[in-house]
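Remarks on the overall topology
Chain residues, written in single-letter form:
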Amino acid sequence: MNVQEHLQRARELLARGQPELAESALSDAIDASVAQEDLVLLTRARFALGELLFQQERDDEAMPYLLAVVRTERVDGSVDHEVKASARMLRQIRGIEPR
């Protein structure tokens, strides 16, 4: 499976109420994006996993993924949404903004 297929599978699993399997699919998406050497897809996969963990209030596990996303710089703006949303979640984890 390629990265997009793993991400789609994770969305489907979440829609069916299977977050544990979705988490596994997102981990596979991260591995696949590393293998493909695609920084944009890696950032999107990290964001998706960080967001899932954040939503489950597993903040300690979410932080490394969210931090990796906010450290990603792309001049073309292709991951701006993910970077901004990750920064907002990190502020919420740190208690700077309300959850």
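Structure's up top.
A brief look at the structure comes next. (Residues numbered from 1 in each chain as written. Predicted model: local features only at pLDDT ≥ 70, side-chain atom pairs only at ≥ 80, totals over all residues. Heavy atoms only, no water.)

**Comments concerning the overall build of the chain**
Stated formally: Numbering goes from the N terminus for both helices and strands, where a helix is a DSSP run of H or I of at least four residues and a strand is a run of E of at least two. For a compact globule the rule gives 2.2 Å times the number of residues to the power 0.38, and the radius of gyration it is set against comes from C-alpha atoms. For every residue, the accessible area (1.4 Å probe, protein chains only) is compared with the maximum for its type, and the residue is labelled buried under 20%, exposed over 50%, or partly exposed between those bounds. The accessible surface values rely on the Shrake-Rupley method and a 1.4 Å probe; as for residues, cover is taken only from the protein chains in view. Under this rule, positive means Lys or Arg and negative means Asp or Glu; His and the chain ends count for nothing. For this purpose, a charge sits on NZ of Lys, CZ of Arg, CG of Asp or CD of Glu.
A count of helices and strands for the chain gives five helices and zero strands. Each helix (α) and strand (β) of the chain, taken in turn from the N terminus, gives the series α-α-α-α-α. Expected size for 99 residues packed as a compact globule is a radius of gyration near 13 Å; at 13 Å, the chain falls within 12% of this value. Each principal axis of the C-alpha atoms in the chain carries an extent, and together these give about 40 × 35 × 20 Å. Expressed as a percentage of the 99 residues in the chain, the buried residues total 39%. Counting only carbon and sulfur atoms, one obtains 47% of the accessible surface of the chain, whose full area is about 5,800 Å². Taken together, the 13 basic and 18 acidic charged side chains of the chain have centroids lying 4 Å from each other.

**A short note on the layout of surface pockets**
Counted only if it meets this: Whether a set of points on the 1 Å grid over the protein atoms alone is a cavity depends on a 1.4 Å probe fitting there but being unable to get out, while an open set qualifies as a pocket with protein on both sides within 12 Å along at least five of seven lines; lining residues are those with an atom within 4 Å of a point. Grid points are joined across faces, edges and corners, and a volume is the space filled by probe spheres set on the points. In this count, Pro and Cys sit with the nonpolar residues alongside Ala, Val, Leu, Ile, Met, Phe, Trp and Tyr, while Asp, Glu, Lys and Arg are called charged and the others, Gly among them, polar.
In this structure, the largest pocket spans a volume of roughly 190 Å³. Every residue along the wall of the largest pocket is listed here: L7, A10, R11, L14, L26, R44, A48, E51, L52 and Q55. The element contributing the most residues to the lining of the largest pocket is helix α3 (residues 39-55), with five residues. Here the residues of the lining of the largest pocket are counted per class, giving six nonpolar, one polar and three charged.

**Structural notes on the packing of helix α2 (residues 19-36) against α3**
In a pair of packed helices, the angle between the axes and the distance between the axes together describe the arrangement. Spelled out, the test is: Interaxial angle, 0 to 180 degrees, is taken between N-to-C directions of lines fitted to C-alpha atoms, where a helix line uses only the stretch in contact. Our angle categories are set so that under 35 degrees counts as roughly parallel, over 145 as roughly antiparallel, 65 to 115 as roughly perpendicular, and the remainder as oblique. Working rule for handedness: look at the near helix, and if it is turned counterclockwise from the far one by less than a right angle, call the crossing left-handed; if clockwise, right-handed. Two residues form a contact once any of their heavy atoms are found within 4.5 Å.
For the pair α2 and α3, interaxial distance at closest approach is 8 Å and the crossing angle is 160°. Looking at the two axes, α2 sits roughly antiparallel to α3. In the packing of α2 onto α3, the handedness of the crossing is left-handed. Residue-level inspection shows P19, A22, E23, L26, S27, A29, I30, S33, V34 and Q36 of α2 in contact with α3, the latter providing L41, L42, A45, R46, A48, L49, L52 and L53.

**So, the side chain of H6**
Position of H6 among the secondary structure elements: in helix α1 (residues 3-15). By relative accessible area, H6 is classed as buried at 11%. For H6, the residues in contact, after removing those within four places along its chain, are M1, A25, D28, A29 and A32.

**Quick word on α1**
To keep it simple, the criterion reads: Given a helix with a known number of residues, its expected span is that number minus one, times 1.5 Å. The directions from the helix axis to the C-beta atoms form the arc being described. In protein, a polar contact requires one atom able to donate a hydrogen and another able to accept it; more generally it is a pair of N or O atoms within 3.5 Å, and residues adjacent in sequence count only if both atoms are side-chain atoms.
In a regular helix each residue adds 1.5 Å, so 13 residues correspond to 18 Å; α1 covers 19 Å between its end C-alpha atoms and thus fits that length. Among all positions of α1, only V3, H6, L7, A10 and L13 are buried. Looking down the long axis of α1, one finds its buried residues gathered within 125° of arc, a one-sided arrangement. Those residues of α1 that are buried lie in contact with α2 and α3. Taking the backbone nitrogen of Q4 as reference, a side-chain oxygen 3.0 Å away marks N2 as the first, capping residue of α1. Looking one or two places after α1, you find G17, whose phi comes out positive at around 75°.

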